[in-house]
Amino acid sequence: MAESLASTYGPWGVVAGGSDGVGAAFAHRLAAQGVNVVLVARRLPVLEASADEIRARHGVEVRTVPLDLSSPGAPAELEEATAGLEVGLFVYNAGSDDRSVPFLDKDLGTHLGLVRRNCTAVLEAAYRFGGPMVARKRGAVVLVTSGAAWAGGATLAAYGASKAFDLILAESLWAEWRGSGVDVLGLVLGRTDTPSLRRTEGAQGGSYGGTLADPDEVAAEALAHLSDGPTWICGSPTPTGGSPFGALSRRDAVLAMSRGATSHSGR
Ligand SMILES: NC(=O)c1ccc[n+]([C@@H]2O[C@H](COP(=O)([O-])OP(=O)(O)OC[C@H]3O[C@@H](n4cnc5c(N)ncnc54)[C@H](OP(=O)(O)O)[C@@H]3O)[C@@H](O)[C@H]2O)c1
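Residues numbered from 1 in each chain as written. Predicted model: local features only at pLDDT ≥ 70, side-chain atom pairs only at ≥ 80, totals over all residues. Heavy atoms only, no water.

**Some details on the site of the ligand**
Okay, step 1: Neighbouring the ligand are 29 residues, the closest being Ser-19, Asn-93, Tyr-159, Thr-192 and Thr-194.
Okay, step 2: The backbone of Leu-69 places a nitrogen or oxygen atom 2.8 Å from a nitrogen atom of the ligand.
Okay, step 3: One nitrogen or oxygen atom from the side chain of Thr-194 is found 2.6 Å from an oxygen atom belonging to the ligand.
Okay, step 4: Summarising the interface, the protein chains cover 99% of the accessible area of the ligand, which totals 840 Å² for the free molecule.
Okay, step 5: The pocket occupied by the ligand, as judged from atoms lying within 2 Å of grid points, is the largest pocket.
Okay, step 6: Within the residue set of the shell around the ligand, elements represented by two or more residues are strand E5 (139-146), helix H6 (157-177) and helix H7 (195-203).
Okay, step 7: The leading source of residues in the shell around the ligand is E5, at three residues.
Okay, step 8: Of the residues assigned to the shell around the ligand, the class counts are eight nonpolar, 13 polar and eight charged. (Near = heavy atom within 4 Å. Polar contact = N/O pair within 3.5 Å; in protein donor to acceptor, adjacent residues only side chain to side chain. Areas by Shrake-Rupley, 256 points an atom, 1.4 Å probe, with all protein chains shown as cover. 1 Å grid on protein atoms, 1.4 Å probe; cavity = no way out; pocket = protein on both sides within 12 Å on 5 of 7 lines; lining within 4 Å. Sits in = over half its atoms within 2 Å of the grid points. Helix = DSSP H or I, 4+ residues; strand = E, 2+ residues; numbered from the N terminus. Nonpolar A, V, L, I, M, F, W, Y, C, P; charged D, E, K, R; others polar.)

If you want it as structure tokens, here you go:
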């Protein structure tokens, strides 16, 4: 019989940004395999509703930690809130951009908040939760990133740069921790049907159309490939392949990304 996630990695999973969309789908999939989950998000009613649904459907223990991951100190608070739990899986999912606009059209404070949530807190969480996994010689870390990581592009400055940070961080940790029993996956997503995407596109004038990935399928695919890192490009015919920009010059890749970002959501 195939090993369950709980027996392979450990009894608890943390999903940072686990109350809706892809994060909630990860939490359901973990719970379905017997993993108790800790969900982190800001909006308490959405967080508690998601926790109740997971408890009712899967019968596992669910804890909620209401936190803003862009606040300095959030990963330390999360570590404290989970003290004593053997966290064998950590999914850092929170990370979308709620408005794709030119760099100078956003407050500096908004950019810095995104960088704290998408870079500083991701690194800190990987350190605080990955360290004990390496010491135990088992665990899995998933850092959710985006096709926006492949090249720079207009309206994507802070977001794309933060997602490139996550991609390189995941790949580097994979290289360091392979052989230690800890799997690391940089999960590259394309446009995915989440409440956050719908809010963003709604605020920017309606849906951009095109095919959207299903969050549950994304989570299932990622969990089936935890040991196929460093990078998994969800929904791609070559999910372990390189950048879709292939041999394009950096200049042409940036121009192509900019055209895509201004005609689509910049996710
Ligand atoms: N959806 C797409 O089309 C798409 C495409 C490419 C990549 N991605 C990547 O996929 C991941 C998930 O995207 P998503 O569309 O589901 O939207 P998201 O807003 O990144 O994730 C939603 C979850 O994160 C929580 N969250 C957001 N900001 C938070 C913060 N500052 N502190 C704590 N929790 C926070 C949300 O709850 P609260 O709002 O209540 O805090 C919710 O639980 C992101 O990393 C994104 O970059 C998404």
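From this point, the discussion proceeds with the structure in view.
**A few points about the pattern of salt bridges**
Okay, step 1: Enumeration according to the criterion identifies twelve salt bridges in this entry.
Okay, step 2: Here Arg-55 and Asp-52 are joined by a salt bridge, their closest N and O atoms 2.9 Å apart. In this pair, Arg-55 and Asp-52 both sit in helix H3 (residues 44-58), three residues apart, roughly one turn of the helix. (Salt bridge = Lys/Arg side-chain N within 4 Å of Asp/Glu carboxyl O.)

**A look at the sheet that holds E5**
Okay, step 1: Read from one edge to the other, the open sheet built from seven strands follows the order E3-E2-E1-E4-E5-E6-E7, with strand pairing classed as parallel. The sheet is open, and its two edges are formed by strand E3 (62-66) and strand E7 (231-233), each paired on a single side. Averaged over all pairs of adjacent strands, the angle between their axes in this sheet comes to 15 degrees, without regard to strand direction.
Okay, step 2: With eight bridges connecting them, E5 and strand E6 (residues 182-189) associate as parallel partners. Its bridge partner lying in E6, Val-141 is registered against Val-184.
Okay, step 3: Of the strands in this sheet, strand E1 (12-16), strand E2 (36-41), strand E4 (87-92), E5 and E6 are in contact with helix H2 (residues 21-32), which crosses E1 at around 175 degrees.
Okay, step 4: Across the sheet, H6 touches E5, E6 and E7, and the angle it forms with E5 is around 155 degrees. (Pairing = 2+ DSSP bridges. Axes fitted to C-alpha atoms, helices over the stretch in contact; angles between N-to-C directions. Contact = heavy atoms within 4.5 Å.)

**Regarding the packing of aromatic side chains**
Okay, step 1: For the structure on display, the rule yields two aromatic pairs.
Okay, step 2: When the centroid spacing of 4.8 Å and the interplanar angle of 40 degrees are considered together, the rings of Phe-90 and Phe-129 count as tilted. In this pair, Phe-90 sits in strand E4 while Phe-129 sits in helix H5 (residues 108-136), placing the two residues 39 residues apart along the sequence. Across this residue pair, the class does not change: Phe-90 and Phe-129 are buried.
Okay, step 3: Through pairs of rings, three or more aromatic residues link up here, namely Phe-90, Tyr-92 and Phe-129. (Phe/Tyr/Trp six-rings, centres within 6.5 Å; stacked < 30°, edge-to-face > 60°. Buried < 20%, exposed > 50% of the residue type's maximum accessible area, 1.4 Å probe, protein only.)

**Digging into the nonpolar core**
Okay, step 1: With 34 residues, the main nonpolar core has Phe-26, Leu-30, Leu-39, Ile-54, Val-142, Leu-187 and Leu-226 as its most contacted residues.
Okay, step 2: Elements that contribute at least two residues to this core include exactly helix H1 (5-9), H2, E2, H3, E4, E5, E6 and helix H8 (215-224).
Okay, step 3: Ranked by the residues each element gives to this core, the list is headed by H2, at six residues.
Okay, step 4: Excluding residues within four positions of it along the chain, Phe-26 makes contact with Val-15, Val-91, Val-142, Leu-187, Ala-219, Ala-222 and Leu-223.
Okay, step 5: Core analysis: the next-biggest nonpolar cluster, separate from the first, contains 29 residues, Val-38, Ala-126, Phe-129 and Val-182 among them. (Core = buried A, V, L, I, M, F, W, Y, C linked by side-chain atoms within 4.5 Å.)

Everything listed here is a matter of geometry and, on its own, says nothing about what the molecule does.
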